[in-house]
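# Structure assessment
Here are the chains, one letter per residue:
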Amino acid sequence: MDVCVSRQEGINMGFNVAIDGPAGAGKSTIAKLAAKKLNLIYVDTGAMYRAMALFMLREGVNPQDTEAVERKCREVDITIGYEPGENESREQVVYLNGENVNAYLRTEAVGNMASVVSAQPAVRRKLVELQQRLAEDKDCIMDGRDIGTCVLPGAQVKVYLTADSRVRAKRRFDELFRKGQTCDLDRVQADIEERDYRDMHREASPLTQAEDAVVLDTSEMTIEEAAAELMRLCRERRN
Ligand code: DC
């Protein structure tokens, strides 16, 4: 069965903004900024794949074992909610079988597992359905890898956000440095490129640029400049 089952006709779609692109391009930071200013709900789909990865890690499931992953997918319940965050923002919270797991999602181990387990069709079917339900009737900005091509093909705004892999590695390196962690820049870049390759070459809805997406290369842009461009596109298409 196709993992990108399109939504039934007759469903009332809100104003939907789809943002796709490789790891570290700034998708979530830019989408969050724009969502707050435009009063849209921000949906981080990577966090859902990370929650699924955490579940598989905790259960000791081999992510390449399709049957085991399918079986475990039937046991797991992933939902999202919103709680008050910093600066009057609303923070997305991911619940894994009822537990708030946000604090465990941002590790390298979970990120790498997410990149592998997200290639499994059973995982994608489950999460794409949840994402499509979230966007029904709501005005939202959703970011991920397959939003414009598969989850919300009818989105009014589609952006493919990218940046040079060295620039993305440097951003990640600086973020880790600020957290007091030292690492090797070349290693970070190699990890990013490996993850890009996996995300772009898997069989089930790989990361590709939607034909009708606007490409935004943030290599030489600040966060504010990229968010301003995204907001300009949203305002233009919303009217
Ligand atoms: O955006 P992120 O780094 O939090 O995503 C973690 C992994 O989840 C990423 O390597 C690919 C996968 N993912 C996906 O396959 N489809 C999405 N819509 C979002 C993320």
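Here, every reference points to the structure presented above.
First, a word on what this report is: a plain description of the structure on this page. (Residues numbered from 1 in each chain as written. Predicted model: local features only at pLDDT ≥ 70, side-chain atom pairs only at ≥ 80, totals over all residues. Heavy atoms only, no water.)

Attention now goes to the state of the cysteines. When the sulfur atoms of two cysteines share a covalent bond, that bond is a disulfide. Scanning the entire structure with this criterion turns up one disulfide. Residue Cys 4 pairs covalently with Cys 150 via a disulfide, S to S 2.0 Å. Judged by the sign of its S-S torsion, about -110°, the bond between Cys 4 and Cys 150 is left-handed. With Cys 4 in the segment before β1 (16–20) and Cys 150 in helix α6 (residues 147–151), this pair connects stretches of sequence that are 146 residues apart. Residue Cys 140 stays outside any disulfide, its sulfur separated by 11 Å from that of Cys 234, the closest cysteine. What makes Cys 140 buried here is its relative accessible area of 1%. (Disulfide = S-S within 2.5 Å. Helix = DSSP H or I, 4+ residues; strand = E, 2+ residues; numbered from the N terminus. Buried < 20%, exposed > 50% of the residue type's maximum accessible area, 1.4 Å probe, protein only.)

On to the pattern of salt bridges, then. For the structure shown, the criterion picks out 21 salt bridges. As a salt-bridge pair, Arg 202 and Asp 199 come within 3.9 Å of each other at their nearest N and O atoms. Residue class for Arg 202 comes out buried when judged on its relative accessible area of 8%. Several salt bridges converge on common partners, so that one network encompasses Glu 108, Arg 172, Glu 175 and Lys 179. (Salt bridge = Lys/Arg side-chain N within 4 Å of Asp/Glu carboxyl O.)

Attention shifts here to the side chain of Lys 158. Residue placement: Lys 158 occurs in strand β7 (residues 157–162). Residue classification places Lys 158 among the buried residues on the basis of a relative accessible area of 6%. Among the polar contacts listed, one links the side chain of Lys 158 to the backbone oxygen of Pro 153, at a separation of 2.8 Å. Apart from residues no more than four positions distant in its own chain, Lys 158 is found in contact with Ala 18, Gly 148, Leu 152, Pro 153, Ala 210, Asp 212, Ala 213 and Val 214. (Polar contact = N/O pair within 3.5 Å; in protein donor to acceptor, adjacent residues only side chain to side chain. Contact = heavy atoms within 4.5 Å.)

The next thing to look at is the pairing of strand β3 (residues 78–84). Bridge analysis of β3 against strand β4 (residues 90–96) gives seven bridges, and the strand direction is antiparallel. For Thr 79, the partnering residue across the bridge sits in β4 and is Tyr 95. In this structure, the hairpin formed by β3 and β4 is closed by a connection of five residues, where Asn 87 is found at a positive phi of approximately 50°. (Pairing = 2+ DSSP bridges.)

Quick look at the sheet that holds strand β2 (residues 41–44) now. Here we have five strands laid out as an open sheet, ordered β2-β6-β1-β7-β8, and parallel in their pairing. Strand pairing shows two members of the sheet lacking a second neighbour, β2 and β8 (214–217), which therefore form its edges. Each strand axis lies, on average, 20° off the axis of its neighbour in the sheet, ignoring direction. Together, β1, β6 (140–144), β7 and β8 form the strand contacts of helix α9 (residues 223–238), whose direction differs from that of β7 by roughly 165°. (Axes fitted to C-alpha atoms, helices over the stretch in contact; angles between N-to-C directions.)

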